[in-house]
Amino acid sequence: MQEPLGAVPTTAASTPAVSQDPMLRLTWTDRVTDARGYLVVHTLRSGIATGGTRMRPGCTLGEVEDLARGMAAKTAAFDLPVGGAKGGIDFDPKDPRAFGVLQRFMAAMRPWIEAHWVTAEDLGVPQHLVDEVFASLGMGQSYYSAIRRSTDPARTLERVRKGLNAQVPGGLLGDVIGGYGVAHACLGAARSHRWEIERTTVSIQGVGTMGGAAAWYLHEAGMKVVAVADAAGTLHDPAGLDVPALLDLRDAYGEIDRTRLPAGVVALPRAAVVGIEADVFVPAAISYAITPDNSFDVAAKVVVEAANAATTPEAEAMLAARGIPVVPDFVANAGAAAWAWWLLLGWVGMEHNDVTTAEDSFRLLRTQMAERVQVLLGRWHAEGVRPRETGLQMAVSDLDGQENTLVIP
């Protein structure tokens with residue numbers, strides 16, 4: 001387990017190599033649909049890089065590169081013994097041909113998947129779909145390149161599957177753990193501002209796997225969720241939404257059935273969520289959701305990034321000038337990636353018991369998230385240093401090399 005964080009180093013030399021160019025960029029063209037796919041490996045550590053695979057129309061190499069850089073920062077900030085990577089496919093996940101596209105992309109990336117790249121779900125690609133593709137390719141599960149290094153691959157695979165499928169309040173542990181981490185980043189932000197949790201309000205853009213779980217756990221903690229947004233629009237109730245009821249109305253794509261909304265819920269345009277009056281705003285849907293064009297619409301006192309690269313650098317600077325800190329993605333939404341590696345490394349889940357695995361997982365994540373958010377926002381309040389800058393300084397690690405240091409039980 002990790003010791004509590006101490007003072008954050010501030011020298012330029014302490015900043016990790018996450019600002020450098022990635023070590024590898026690959027571009028793939030699907031011969032069946034002409035879809036483009038990308039793999040960017042930003043850093044290798046112990047010969048491994050980790051990062052999910054997304055699918056959306058308009059996905060670009062530049063976007064995947066930004067996300068891979070974020071993964072490198074994420075693994076370093078949580079002291080994981082691996083580097084950062086990302087996969088992305090420019091294709092509509094709702095297209096009936098999407099599974100075939102994903103399958104062919106993974107087959108093309110097989111040399112990296114077998115030896116170096118641990119991937120998982122991301123925008124448009126749920127974990128069960130990734131695992132179906134890996135099973136069809138004879139690789140069992142998407143953590144394949146890590147599992148095959150284990151001293152007991154069969155036992156590690158069993159631990160991973162049990163952990164991912166453990167039933168917990170809100171859903172399966174593997175589905176909700178990332179949102180649980182985001183919720184505790186929001187709770188940490190509230191405590192750093194000395195707000196009473198029950199009087200703190202939050203608006204959330206996106207109610208898919210990450211945003212939905214964050215909404216559920218914030219509601220359970222007593223924070224008032226006043227707005228959520230999906231692809232169809234924003235749903236608002238200043239008195240607080242019935243989050244469990246709304247989540248029960250979602251379809252497979254994370255969109256809420258408007259024909260069965262609870263009383264008192266007002267339907268607004270999708271973009272309206274950015275300007276909802278709330279203490280905390282959680283962009284949990286798409287990258288680059290907050291731009292210079294809409295940053296002045298942000299009415300929250302703090303932004304907690306649940307989506308990867310949710311705020312452009314220019315917009316983040318504009319928010320900071322208005323006194324609005326942004327808790328960066330590579331800390332706020334790192335729960336899923338960190339937990340996956342804790343599971344692989346046996347820090348949680350060794351008892352093969354759903355209750356023990358969940359309790360240990362939640363305890364470790366909320367403790368580590370609280371420590372990091374306290375440091376980030378503590379420096380913001382005391383010195384005016386942006387949380388992203390502090391986070392990058394916190395992510396001090398030897399990211400490259402160390403080929404044989406990863407030990408998976």
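Computed from a predicted model, the values in this text were never measured in an experiment.

**Details of the overall build of the protein chain**
Looking only at helices and strands, the protein chain has 14 helices and 15 strands in total. Dimensions along the principal axes, computed over C-alpha positions, put the protein chain at roughly 50 × 50 × 45 Å. Counting across all 409 residues of the protein chain, residues that qualify as buried make up 56%. A total accessible area of about 16,000 Å² is found for the protein chain, and carbon and sulfur atoms account for 51% of it. If you average the places of the 35 positive and of the 47 negative side-chain charges in the protein chain, the two averages end up 2 Å apart.

**A word on the packing of aromatic side chains**
As enumerated under the stated definition, the model contains 6 aromatic pairs in all. Here the aromatic cluster, defined as three or more aromatic residues joined through ring pairs, consists of Tyr 180, Trp 216, Tyr 217 and Phe 362. Over the ring of Tyr 253 we find Lys 94, and its NZ or CZ is 4.9 Å from the ring centre.

**Quick notes on the packing of helix H7 (residues 173–192) against helix H12 (residues 335–345)**
Where H7 meets H12, the closest approach of the two axes is 7 Å, and the angle between their N-to-C directions is 130 degrees. By the angle between their axes, H7 is oblique relative to H12. Between H7 and H12, the residues in contact are Leu 173, Gly 174, Ile 177 and Gly 178 and Gly 335, Ala 336 and Trp 339, respectively. Each residue belonging to the contact of H7 with H12 can be placed in one class, and the counts come to 4 nonpolar, 3 polar and no charged.

**As for the environment of Thr 367**
On the secondary structure map, Thr 367 appears in helix H13 (residues 354–383). Spatially, the C-alpha atoms of Thr 367 and Cys 59 are 34 Å apart, while their sequence positions differ by 308 residues.

**As for the side chain of Thr 200**
Looking at the element boundaries, Thr 200 is found in the loop between H7 and strand S9 (201–205). For Thr 200, a relative accessible area of 0% translates into the label buried. A polar contact is formed between the side chain of Thr 200 and the backbone oxygen of Glu 196, at a distance of 2.7 Å.

**Points about the pattern of salt bridges**
Applying the stated rule across the entire model yields 21 salt bridges. The shortest N-O distance in the salt bridge between Asp 66 and Arg 69 comes to 3.0 Å. Here Arg 69 and Asp 66 lie together in helix H1 (residues 61–77), a separation of 3 residues that amounts to about one turn. When the shortest N-O distance is used, the salt bridge between Arg 388 and Glu 305 registers 3.0 Å. Here Arg 388, found in helix H14 (residues 387–394), pairs with Glu 305, found in the loop between strand S14 (302–304) and helix H10 (313–321); they are 83 residues apart in sequence, far enough to count as distant. By relative accessible area, Arg 388 is classed as partly exposed at 21%.

**With respect to the nonpolar core**
With 83 residues, the main nonpolar core has Val 282 and Trp 341 as its most contacted residues. Among the elements that line this core, the one with the most residues is H7, at 11 residues. With residues up to four places along the chain from it excluded, the contact list for Trp 341 reads Ile 48, Thr 50, Leu 80, Val 82, Val 118, Ala 146, Leu 406 and Ile 408. Counting residues in each nonpolar core, the second largest holds 26 residues, with Leu 39, Val 41, Ala 98 and Ile 113 among its members.

**As for the environment of Val 385**
Relative to the helices and strands, Val 385 resides in the loop between H13 and H14. You can call Val 385 buried: its relative accessible area is 11%. Each C-alpha atom, one on Val 385 and one on Arg 260, is 45 Å from the other, the two residues being 125 residues apart in sequence. The residues touching Val 385, leaving out its near neighbours within four places in the chain, are Arg 379, Trp 380 and Thr 390.

Procedures and definitions
Residues numbered from 1 in each chain as written. Predicted model: local features only at pLDDT ≥ 70, side-chain atom pairs only at ≥ 80, totals over all residues. Heavy atoms only, no water. Helix = DSSP H or I, 4+ residues; strand = E, 2+ residues; numbered from the N terminus. Buried < 20%, exposed > 50% of the residue type's maximum accessible area, 1.4 Å probe, protein only. Areas by Shrake-Rupley, 256 points an atom, 1.4 Å probe, with all protein chains shown as cover. Lys, Arg positive; Asp, Glu negative; His and termini not counted. Charge placed at Lys NZ, Arg CZ, Asp CG, Glu CD. Phe/Tyr/Trp six-rings, centres within 6.5 Å; stacked < 30°, edge-to-face > 60°. Lys NZ or Arg CZ within 6 Å of the ring centre and 35° of its normal. Axes fitted to C-alpha atoms, helices over the stretch in contact; angles between N-to-C directions. Parallel < 35°, antiparallel > 145°, perpendicular 65-115°, else oblique. Contact = heavy atoms within 4.5 Å. Nonpolar A, V, L, I, M, F, W, Y, C, P; charged D, E, K, R; others polar. Polar contact = N/O pair within 3.5 Å; in protein donor to acceptor, adjacent residues only side chain to side chain. Salt bridge = Lys/Arg side-chain N within 4 Å of Asp/Glu carboxyl O. Core = buried A, V, L, I, M, F, W, Y, C linked by side-chain atoms within 4.5 Å.

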